[in-house]
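# Structural features, examined
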Amino acid sequence: MKYLCGLLGSVFAMASIVWEIEHWSIIKQTGIYFVCTSLVMFPIAYITGWMEHTVMGCLIYFGIFVIIFVFIWMVQYFIWKHKIEAINKNIHG
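My aim in this report is to walk through the structure given alongside it, one point at a time. (Residues numbered from 1 in each chain as written. Predicted model: local features only at pLDDT ≥ 70, side-chain atom pairs only at ≥ 80, totals over all residues. Heavy atoms only, no water.)

### Some details on the overall build of the chain
Selection rule: Secondary structure is summarised from DSSP: a helix means a run of H or I of at least four residues, a strand means a run of E of at least two, and numbering begins at the N terminus for each. We take the radius of gyration over the C-alpha atoms and set the globule estimate at 2.2 Å times the residue count to the 0.38 power. Burial status follows relative accessibility: with a 1.4 Å probe on protein chains alone, a residue under 20% of its type maximum counts as buried, one over 50% as exposed, and anything between as partly exposed.
Looking only at helices and strands, one finds 3 helices and 0 strands in the chain. In the chain, the succession of helices and strands from N to C terminus is α-α-α. By the compact-globule yardstick of 12 Å for 93 residues, the chain is too spread out, its C-alpha radius of gyration being 17 Å. Along the first, second and third principal axes, the C-alpha set of the chain runs to 55 × 25 × 20 Å. Taken across its 93 residues, the chain has 23% of its residues classed as buried.

Written out as structure tokens, the structure reads:
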């Protein structure tokens, strides 16, 4: 199980490279990051028993994953938006 958790962490770390590709839109970056992480997270969660092995268990797990993903994305978005606005304010006086 520890190897699967290591794999999961590695995928999240590797997928974060999409945020460095500046010519991609935020939508494209987010979509690719979501697909990469969820394609690895879901099977690992299933194998490790982090979800019930039923259709409803899978749907609930995926729904929770989406809710957490959106929440974290929004928090990060507004944090960075605030930081950028502060930098622009300092630049433009």
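### Considerations on the nonpolar core
Here is a general trend for soluble globular proteins: nonpolar side chains tend to be buried in one another's company. Selection rule: Among buried residues, those of type Ala, Val, Leu, Ile, Met, Phe, Trp, Tyr and Cys that are joined through side-chain atoms within 4.5 Å constitute a nonpolar core. We call two residues in contact when some of their heavy atoms are within 4.5 Å.
With 15 residues, the main nonpolar core has Leu-8, Tyr-33, Val-40, Met-41, Met-51 and Tyr-61 as its most contacted residues. For this core, the secondary structure elements donating two or more residues are α1 (2–15), α2 (26–48) and α3 (55–92). Looking at which element gives the most residues to this core, the answer is α2, with 6 residues. In this structure Met-41 touches Leu-8, Phe-12, Tyr-61 and Phe-65, once residues within four positions along its chain are discounted.

### Topic: the packing of α1 against α2
Note the threshold: Lines are fitted to the C-alpha atoms to define the axes, a helix being fitted only along its stretch in contact, and any angle between axes, read from their N-to-C directions, falls within 0 to 180 degrees. Should an angle fall under 35 degrees it is taken as roughly parallel, and over 145 as roughly antiparallel, whereas 65 to 115 is taken as roughly perpendicular and any remaining angle as oblique. The classification used treats Ala, Val, Leu, Ile, Met, Phe, Trp, Tyr, Cys and Pro as nonpolar, Asp, Glu, Lys and Arg as charged, and all other residues, Gly among them, as polar.
Between α1 and α2, the least distance of the axes is 9 Å, while the angle of their chain directions is 175°. The angle between α1 and α2 falls in the class roughly antiparallel. Here Leu-4, Leu-7, Leu-8, Val-11, Phe-12 and Ala-15 of α1 lie close against α2, whose contacting residues are Tyr-33, Cys-36, Thr-37, Val-40, Met-41, Ile-44, Ile-47 and Thr-48. A class-by-class count of the residues in the contact of α1 with α2 yields 12 nonpolar, 2 polar and no charged.

### A closer look at the packing of α2 against α3
Geometrically, a packed helix pair is captured by the angle between its two axes and the distance between the axes. Heads up, the condition is: Should the near helix be turned anticlockwise from the far one by less than a right angle, the crossing is termed left-handed; should it be turned clockwise, right-handed.
Interaxial distance between α2 and α3 falls to 11 Å at its minimum, and their mutual angle equals 145°. Helix-helix and strand crossings are classified by hand; for α2 and α3 the assignment is right-handed. Residues Ile-26, Thr-30, Tyr-33, Phe-34, Thr-37, Ser-38, Met-41, Phe-42, Ala-45 and Tyr-46 of α2 touch α3, and the partners they reach there are Cys-58, Tyr-61, Phe-62, Phe-65, Val-66, Phe-69 and Trp-73. Partitioning the contact of α2 with α3 into residue classes produces 14 nonpolar, 3 polar and no charged.

### Things to note about the side chain of Gln-29
Rules: A 3.5 Å cut-off defines polar contacts: any pair of N or O atoms within that distance qualifies, except that in protein one atom must be a possible hydrogen donor and the other a possible acceptor, and neighbouring residues in sequence count only when both atoms are side-chain atoms.
Here Gln-29 lies in helix α2. Among the polar contacts listed, one links the side chain of Gln-29 to the backbone oxygen of Ile-21, at a separation of 2.9 Å. Setting aside anything within four residues of it in sequence, one finds Gln-29 in contact with Val-18, Trp-19, Ile-21 and Trp-24.

### Quick word on α2
Formally: The span one expects for a helix is its residue count, reduced by one, times 1.5 Å.
The end-to-end C-alpha distance of α2, which contains 23 residues, comes to 32 Å, matching closely the 33 Å that a straight helix rising 1.5 Å per residue would cover. Buried residues belonging to α2 abut α1 and α3. One or two steps after α2, the chain reaches Gly-49, where phi turns positive at roughly 80°.

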